[in-house]
Structure formats: C-alpha cells, structure tokens
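# Topology and contacts: notes
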Amino acid sequence: MTTIGEFLEENGEKVFLVVYFAVMVIVAGPLFLSLGEAWQASDIVRPAILALNPLVGVTLEQFSALMFGLYLGLLVLVTLDPKKRVQGILLCLGTVSALVALLSIGLFIPNIDFAANIVWVLGGFVGGGLVGGGPKLLEVRTASALEFRRSATILFYLISAIVVGGLIEFHVNFPQFLQVSAETVQIVPPAPNVSVEWASIGVNTLMAAVFVVTLRRFVTYDAEENFFVLGPQGSGKSLFLVGKYLAALDDAVGREADTPLNPSSDLMELVGSLDAASKDTGWKLDATGQTDVEDLNFNFVDGRVFPKNIELSSLDYAGEYLERLPNALMSPDDEIDNSTLRLLAQRVRDANTLILIIDVERYHNNEPLEIEPYFDILDVASNKDVLLVATKCDILAEEFRDKQALEAHQYFDEFQEFVSETLIENNQTVRTLVQDTSGSKIHPVYYQTTTDENGERVPMRDRNGNVMTVGFDELLEKMG
C-alpha cells in the first residue's frame with residue numbers, strides 16, 4: 001500500500017496546488033471582510049491616510065487608486081515570472097475574492113471613480129512595474145534567469161503589512177491622536193486607554209497566519225537543500241556527479257524559461273572528458289588524485305507547477321580521505337592540518353543531505369565496500385538527511401533481466417526494489433546502514449554499458465555519441 005510519504009512525493013505539487021487555491025480563495029474572502037471592518041473603525045491607519053489631503057492634496061480616492069495600480073503592477077510581474085506564474089494566478093483569484101468581500105460591505109470599488117482617477121491607477125501600475133523589476137523584460141538574458149524576485153518580495157511585505165496591521169486595528173481600540181478636517185490636521189493628545197476586542201480573535205489570527213505563511217511560500221525561489229556526496233575510492237563519485245548534471249540538462253529541455261545550469265569548470269572538464277571518449281577508449285575519467293580537489297556544482301529547477309531553484313554541489317576528492325573524515329568532523333578547523341580534509345569537513349557540516357555511495361562493482365567482485373566510515377560520520381554529523389545511492393548498477397540490471405525478464409530502465413521501481421533486496425540480503429554492512437538510516441531506500445543509478453574486446457565495461461552511446469544513463473532522473477526528482 002502506498003504510504004502518505006510516497007503519495008506526497010509523487011503528487012506533492014498537486015496537493016499544494018489544492019491547498020494554495022483553498023487559502024487564496026476561501027481564506028482571503030472572510031479575512032479581508034474583517035480587514036474591511038477594521039478600516040471602517042480604524043484609529044490609526046485611516047486618519048493617517050486621510051491626513052494626506054490637507055497636507056499634500058492627495059485624497060483618499062486618489063491614494064486608493066494609486067496603491068491599487070501599484071499592486072496590479074507588482075502582481076502582473078509575478079504572473080509573468082515563469083517560476084511564479086501559478087502562484088500569480090492564485091493570487092489574482094485571491095485578490096478577486098478579497099475585492100468581492102470588501103464590495104459586500106460597500107468598500108473600495110464602490111468608492112473609487114476609476115475613469116476619473118485613471119492617471120493615478122496608471123501611475124501606480126508603472127511605478128510598481130519599475131520598482132518590481134519590469135525593465136528586465138527588455139533585457140537580453142544570457143547567464144541569468146527571468147525572475148522578478150523584488151516584485152514578489154515587495155508584494156509579500158505589502159500584503160503582510162495590510163493583513164497584520166488590519167488585524168491589530170480590528171481587535172485593538174487605540175486612542176485617537178489625529179483630528180482631520182477638510183483643510184487641517186491636528187494632533188490630539190491621546191488618552192492613555194487601550195482596549196482589546198477578544199471576540200473571534202483566535203479565528204482571525206489563525207486565518208491571517210495561514211494566509212501570510214502561504215504567501216511567504218509564494219516568494220520562495222531557492223530550495224533550502226544542500227547536498228554533499230561521500231564515497232570510497234573508485235566508487236564512481238565523479239561519474240555520479242556527471243550523471244546528475246546530464247539528467248538536469250535533459251530536464252531543462254522544453255522549459256519555457258529556466259535558470260541557467262551554470263556548471264563549474266571542473267564539472268565541465270569531467271563532462272567533456274566523458275563526451276570525448278569513444279567505444280574504443282572507454283570512460284576517459286581517471287580516479288581523483290590524492291592531492292586533487294575539484295569543485296563540482298550546477299543549478300537546476302525542480303517542479304513544473306511550483307518550480308524552485310536547487311543548487312547541487314560537491315567536492316570530488318580522493319576516496320582515501322573518507323576514513324579520516326570522522327575525526328576531522330570532531331575537531332576544530334584550526335586543529336586539522338590538511339587543507340583538503342578541513343574543506344571536506346566544513347562542507348559536510350554545511351550540508352543538509354548526505355549522499356552516501358555504495359559501489360555495486362565492489363559488491364559483485366566480493367570486494368570490501370569500504371563504507372564503514374559512514375557510520376562514524378553519521379554519528380558525528382547528526383541531524384542530516386541521507387540518500388543511499390548504489391552506483392554501477394548496470395551489473396545488477398543484467399541480473400534483473402536474467403531473473404525477471406524485465407528491462408531495468410522500463411521497470412525502474414521494480415528494479416529499485418530488486419537492488420535494495422539484493423544488497424540488503426547479501427551484505428550485512430549495507431543492511432546495517434539501511435537500518436541506521438531509518439530504512440532508507442537504496443537508489444540505483446548506472447550508465448548503460450557493453451563489453452569491449454578486452455572484457456572491459458565501456459559506456460554504450462546513442463547515435464549522437466551521447467552516453468545513456470538510468471536512474472538519475474528519478475534521483476533528481478527525489479532530491480527536489
């Protein structure tokens with residue numbers, strides 16, 4: 001039976017779409033109805049805005065038209081942002097719901113002559129577009145994505161200020177401090193008395209909190225995940241990172257607008273080496289030298305309905321450092337005499353998720369997996385999420401085909417179960433590692449391979465000369 005976690009993993013965006021729709025449409029109406037009533041009885045905000053007329057000659061109607069135009073300008077930019085389009089549409093629906101609620105008590109739309117105040121509306125609209133980053137629409141972007149982060153941020157703080165300020169005005173009766181007439185504004189010494197209206201304060205506070213928290217998710221562009229890859233010497237760390245990049249590159253194809261991948265030069269050297277290889281020359285990737293450290297990183301976008309930017313980064317390091325890493329993690333940086341080890345320890349500390357490599361080729365050849373340091377690392381680096389990844393699973397893909405007459409790339413879920421069961425049942429270290437990581441699933445990845453005349457495994461390539469990978473797409477979805 002599918003667990004709740006698996007259901008959310010497969011259908012998370014659809015679930016969030018329903019939740020966001022409910023918040024924006026269902027919650028916005030009654031919430032802004034209360035805010036409208038707060039405006040009618042306002043002791044602070046309403047007098048302050050009314051004071052603009054005698055002070056600078058701006059009437060309440062003109063100010064409302066200006067702010068409405070500003071809001072529309074920011075909202076349009078959010079809707080044009082490829083990563084926030086769905087959120088922008090939901091916010092438009094929430095805006096309509098809020099306006100209908102205010103209309104029901106005779107506020108806002110009935111009080112503005114939009115034809116007479118069109119200049120104020122257009123002025124606010126243009127101002128919102130300029131402040132929110134509208135000039136980006138005229139730029140030719142190369143190494144940056146089309147994002148209106150400033151517009152989304154301003155919109156969030158603007159709406160949040162209205163909601164929080166209105167909620168306070170609704171439930172707290174402040175003393176009058178401004179007396180506004182058609183021509184003058186007088187400051188009145190406030191009486192030292194404040195009273196609180198407790199009726200419905202819990203419901204209104206809950207609605208406001210849900211609305212603001214949901215709105216905060218709307219302006220989030222970057223994921224909080226930070227991944228770091230660990231593996232013993234020769235376990236395929238380099239090829240694993242290249243495979244992740246190739247999967248992200250394929251995923252980026254077909255997106256209307258996207259964040260450039262911006263791969264590091266070290267990563268592109270690995271990609272170029274693999275790309276330059278042929279069936280006769282094999283992989284063309286050597287094991288990382290003991291003194292070499294390569295910075296491998298790139299960006300990709302996860303999700304179609306609510307896309308978010310994810311940065312995948314790692315250090316490609318010599319596997320010999322793995323055994324020394326637990327002691328380094330327990331030591332202050334100034335006591336670690338090796339700069340590479342110091343950098344590794346720092347990156348592990350900073351990571352939210354550790355990707356632990358299991359070398360299937362070692363398992364197949366009855367060689368030690370050399371993953372014992374993982375246990376000490378997990379003990380020292382606590383509160384980390386963990387992904388277990390089995391590399392070089394082309395070997396088990398052949399066994400899967402022989403035993404179950406199925407192709408691994410076509411029946412990947414079944415193949416994942418096969419890999420997990422095979423490794424867990426036949427290797428006590430792997431079984432313990434899975435147990436210590438709360439029953440984590442093992443994610444198989446591999447390059448499709450064939451055997452050359454010397455009996456060595458070399459990558460299979462399509463007619464364009466590209467390597468063919470399996471499991472990396474599914475892993476990218478998991479990591480998102």
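Up top is the structure.
First things first, this report covers the structure right here in the doc. In this text the structure is predicted, and so the values were computed from the model without any measurement.

### Quick look at the overall build of the chain
The helix and strand tally for the chain stands at 18 helices and 14 strands. In the chain, the share of contacts with a sequence separation of at least 24, taken over all contacts with a separation of at least 6, comes to 73%.

### Things to note about helix α15 (residues 394–404)
For α15, every residue scored as buried is listed here: Asp-394, Ile-395, Leu-396, Ala-397 and Phe-400. On the buried face of α15, the contacting elements are α13 (360–364), α16 (412–426), β11 (446–447), β12 (449–451) and β13 (457–459). Phi turns positive, to about 55°, at Ala-405, one or two residues after α15.

### Things to note about empty space enclosed by the protein
Sizing a probe to match a water molecule and rolling it over the atoms shows the empty space that remains. Inspection of every chain in the model, using the stated rule, returns two cavities of 30 Å³ or more. Contributing to the lining of the largest cavity are Val-78, Gln-87, Leu-91, Ala-152, Leu-155, Phe-156, Leu-215, Phe-218 and Val-219. Counting only elements with at least two residues in the lining of the largest cavity, the list comes to α5 (85–103), α7 (149–171) and α8 (201–218). Here the element with the most residues in the lining of the largest cavity is α7; it accounts for three residues. Class assignment for the residues of the lining of the largest cavity results in eight nonpolar, one polar and no charged. Size it by volume and the second largest cavity reaches roughly 40 Å³.

### Comments concerning the pairing of strand β7 (residues 308–317)
With eight of 10 residues buried, β7 lies mostly within the body of the structure. Judged from the 10 bridges that link them, strand β6 (residues 293–302) and β7 form a sheet pairing that is antiparallel. The residue of β7 that forms the bridge with Asp-295 is Leu-315. What sits between β6 and β7 in their antiparallel hairpin is a turn of five residues, with Gly-303 showing a positive phi close to 100°.

Conventions and cut-offs
Residues numbered from 1 in each chain as written. Predicted model: local features only at pLDDT ≥ 70, side-chain atom pairs only at ≥ 80, totals over all residues. Heavy atoms only, no water. Helix = DSSP H or I, 4+ residues; strand = E, 2+ residues; numbered from the N terminus. Contact = heavy atoms within 4.5 Å. Buried < 20%, exposed > 50% of the residue type's maximum accessible area, 1.4 Å probe, protein only. 1 Å grid on protein atoms, 1.4 Å probe; cavity = no way out; pocket = protein on both sides within 12 Å on 5 of 7 lines; lining within 4 Å. Points joined across faces, edges and corners; volume = space filled by probe spheres on them. Nonpolar A, V, L, I, M, F, W, Y, C, P; charged D, E, K, R; others polar. Pairing = 2+ DSSP bridges.

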